[in-house]
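Fold and contact review
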Amino acid sequence: MAHLIRIIIFFLSIPLIIYSQWHKVNLDTSNELTDIFFIDDSTGYCIGDSSMIVITENGGKTWIKKVLDNKRRRLNRIKFYNNVGFILGNGIVYKTTNLGNNWYPVFSDPVLNFADIAFYKTNKIWLWAGVGNSENRSALYESADFGITWKYILDTESSSKLKGYRFQSIILTGETSALALCSPFLDPLGPTYIYSTTNNGIEWDYYSENKLYTWGLSSSTADTIWAWGAGLELSVDSGKTWSSNVFKLSREDGSLEEITFAVIIDLEISNTSKVNFLEANGGQYSILLNKDNSLHWERIGVPTTQRLISMLFIDKENIWCVGISGTIITNSDIFSSVKDYLNFETIKSFEVLGNYPNPFNAITRIKYNVNIPSNLSLSLYDIEGQEIVLFSNIFHSRGIYFFDISFQKLNLSSGVYIYSLSDSKNTYPNKLLLIK
C-alpha cells in the first residue's frame, strides 16, 4: 500500500529497552525507502521514492541502485509468491518471473495509488489501491492468472455499505471470502471496521470493529487474526471479537508486566506463527519479539533517530529496517567483522517535548528543547504525508523553544495531522488532532 504515515507518536512513558548490535548500511541516496524483501540468503531488494530499487546479491553487504522508469514514482510494496514478485507503486504495478532480474509493468492507472496485494493459492491475486488523493475511497481488483490480466471488482464510492471508507488491509479467508479492514474518513483516530465478503469482494457486510485506530490486518491461523496500528488487537474467533488487554512484556529477570503498545509500524508473522513487529514510541524504535508463541514479547531497541517505515524479520539475529534518507539498518551477523556498528545516541541534538492542547480546537503550542545549536525546520503534513506548509527553517541556539500553530489561519478541516521537527540528520514526527 501507499502506506499511511505509520508514525502517530504518543508521548507515553518509555520502558527499559535493550540494545543489541546494529549496523547502518551506507546507501548513497537521500530517497525514502518504503519496503525490503529477501528472496534467499543472498538476494534482496529495497524500494522507495523516484522509481528506485536497490539490489543486493551478497546478503546485504553492498547494494546497487536501479531505476524502474523515468516517472519518479513512489514505490510502496514489494512481495513475492514462490518465484514471482510484484512491486506496487503510485499508478503502476510491476511483475517479475525470474526472481527480480527483470521487472515489467502489468497494470497502470495514474489515478490509483496501489497499496497492497494478497495471494490465494497459485494464481489468484487481490489488489487494492487508493483512488487519487482521497482518504476515504479505494478500488479493488482481481487477477485469476497471476497478474497477466486484471478484473475490476468495485470502488468503495459505488458501494452504499463502503461509501466513505478506505481499505487499509485485506486478508483472504477462502476461495471466495475475505475480511477487509476499513477506516472512515470522519473518524481518523478510530475505531476501524472489519467488513466481510463471501462472493469474491462484490458485496461486503459489516462484521466487527476495532476500538483502536488500526491499519494492518494479519492472520497467524484460521482463527487468530491481528489488527495493528495505533496499538494491537487480537481476535481468536476469526475476527468476530477483539481484545487489546491480554499482552505482556517479558523482562530480563523472567517476570511479566502489562504492556500497552504504542505505534506499530510493521508486523510480520514467522513460519512458526510467531508475531514480531516494529514499534515507534516517543521518537524511539524497537522490535517486539514474540516468545514461545504466546502473548508475551521481549523488546529490542533499534538505535536510530531516522524515521523508519518498514521491517523485514528473518530471525532474531537477522532483522532489517528501512526508512527516510536512504536508511537501511540491520543486526545481521553478515557485518560481524565490520567495526563501525551504530551506537544509540544518548544525547540528542534536539528533543520534541510535545504540544498542548492536544486534541485542540484552533491553536496548539509546540514545545521543543535544543541541545546542540543547529538549523531546524518545522513542517506540517496531512495523514498521507503530503506537506501542507513549511513553517520555519532557521538556526537555533541551545534552549527551550515554543511555536504556535493556528489552524484557523490555515483553514484546515478536522482530523489527524503530523508536525515534524528535523535537522540535517534527524526527524521527529508527532501527532496532532484538530477537532472543530
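All figures in this text were calculated on a predicted structure; none of them were measured in a lab. (Residues numbered from 1 in each chain as written. Predicted model: local features only at pLDDT ≥ 70, side-chain atom pairs only at ≥ 80, totals over all residues. Heavy atoms only, no water.)

1. Some words on the overall build of the protein
- Of the regular secondary structure elements, the protein holds one helix and 35 strands.
- For the protein, whose C-alpha radius of gyration is 21 Å, the value lies close to the compact-globule estimate of 22 Å for 436 residues.
- Seen through its principal axes, the protein has C-alpha atoms that stretch 60 × 55 × 50 Å.
- The contacts of the protein with a sequence gap of at least 6 include a subset with a gap of at least 24, amounting to 47%.
- Placing the 37 positive and 43 negative side-chain charges of the protein at their respective mean positions leaves the two points 4 Å apart. (Helix = DSSP H or I, 4+ residues; strand = E, 2+ residues; numbered from the N terminus. Rg over C-alpha atoms; globule rule 2.2 N^0.38 Å. Contact = heavy atoms within 4.5 Å. Lys, Arg positive; Asp, Glu negative; His and termini not counted. Charge placed at Lys NZ, Arg CZ, Asp CG, Glu CD.)

2. Digging into the pattern of salt bridges
- Per the stated rule, a full pass over the model turns up 15 salt bridges.
- Note that Glu-32 is salt-bridged to Arg-307, the shortest N-O span being 3.0 Å. Taken together, the residues Glu-32 in the loop between strand E2 (23-25) and strand E3 (33-38) and Arg-307 in the loop between strand E25 (296-302) and strand E26 (308-315) connect sequence positions 275 residues apart.
- With its nearest N and O atoms 3.6 Å apart, the salt bridge here joins Asp-116 to Arg-77. (Salt bridge = Lys/Arg side-chain N within 4 Å of Asp/Glu carboxyl O.)

3. Comments concerning the environment of Thr-96
- Topologically, Thr-96 is positioned in strand E8 (residues 84-96).
- Along the backbone, Thr-96 and Phe-80 are 16 residues apart, and their C-alpha atoms lie at a distance of 9.0 Å.
- Ignoring any residue separated from it by four or fewer positions in sequence, one finds Thr-96 in contact with Phe-80, Asn-83, Val-84, Gly-85, Asn-101, Asn-102 and Trp-103.
- Within the structure, Thr-96 has its side chain in polar contact with the backbone oxygen of Asn-102 (distance 2.8 Å). (Polar contact = N/O pair within 3.5 Å; in protein donor to acceptor, adjacent residues only side chain to side chain.)

4. Section: the packing of aromatic side chains
- A full pass over the atoms with the stated rule returns 34 aromatic pairs.
- Between Phe-167 and Trp-204, the ring centres sit 5.6 Å apart and the planes meet at 50°, which makes this aromatic pair tilted. Residue Phe-167 is located in strand E13 (residues 165-172), and its partner Trp-204 is located in the loop between strand E15 (192-197) and strand E16 (205-210); the two are separated by 37 residues in the primary sequence.
- With a relative accessible area of 2%, Phe-167 lands in the buried category.
- For Trp-204, a relative accessible area of 2% corresponds to the buried category. (Phe/Tyr/Trp six-rings, centres within 6.5 Å; stacked < 30°, edge-to-face > 60°. Buried < 20%, exposed > 50% of the residue type's maximum accessible area, 1.4 Å probe, protein only.)

5. So, the pairing of strand E30 (residues 363-370)
- By the bridge criterion, five bridges tie strand E29 (residues 350-356) to E30 in an arrangement that is antiparallel. Bridge pairing links Glu-351 to Asn-369 in E30.
- Linking E29 to E30, which pair antiparallel, is a turn of six residues.
- Here E30 runs beside strand E33 (residues 399-406); their pairing, made up of eight bridges, is antiparallel. Bridge pairing links Asn-369 to Ile-400 in E33. (Pairing = 2+ DSSP bridges.)

6. Re the layout of surface pockets
- Space inside the largest pocket adds up to approximately 1,300 Å³.
- If you trace the largest pocket, you find 44 residues lining it, with Arg-77, Lys-79, Leu-267, Glu-268 and Ile-269 closest to the centre.
- Elements that contribute at least two residues to the lining of the largest pocket include exactly E3, strand E7 (75-81), strand E9 (104-120), E13, strand E17 (214-219), strand E22 (263-269) and E26.
- Take the lining of the largest pocket: its biggest share by element is six residues, from E26.
- Of the residues assigned to the lining of the largest pocket, the class counts are 25 nonpolar, 12 polar and seven charged. (1 Å grid on protein atoms, 1.4 Å probe; cavity = no way out; pocket = protein on both sides within 12 Å on 5 of 7 lines; lining within 4 Å. Points joined across faces, edges and corners; volume = space filled by probe spheres on them. Nonpolar A, V, L, I, M, F, W, Y, C, P; charged D, E, K, R; others polar.)

7. Some thoughts on the sheet that holds E26
- Strands sit in the order E2-E28-E27-E26 across an open sheet of four strands; the sheet is antiparallel. The open sheet has two free edges, formed respectively by E2 and E26, since each of these has just one partner strand. Between one strand and the next, the sheet's axes are offset by a mean angle of 20°, whatever the strand orientation.
- Of the strand pairs in this sheet, E2 and strand E28 (residues 328-330) are connected by three bridges, and their pairing is antiparallel. Bridging across to E28, His-23 finds its partner in Thr-330. (Axes fitted to C-alpha atoms, helices over the stretch in contact; angles between N-to-C directions.)

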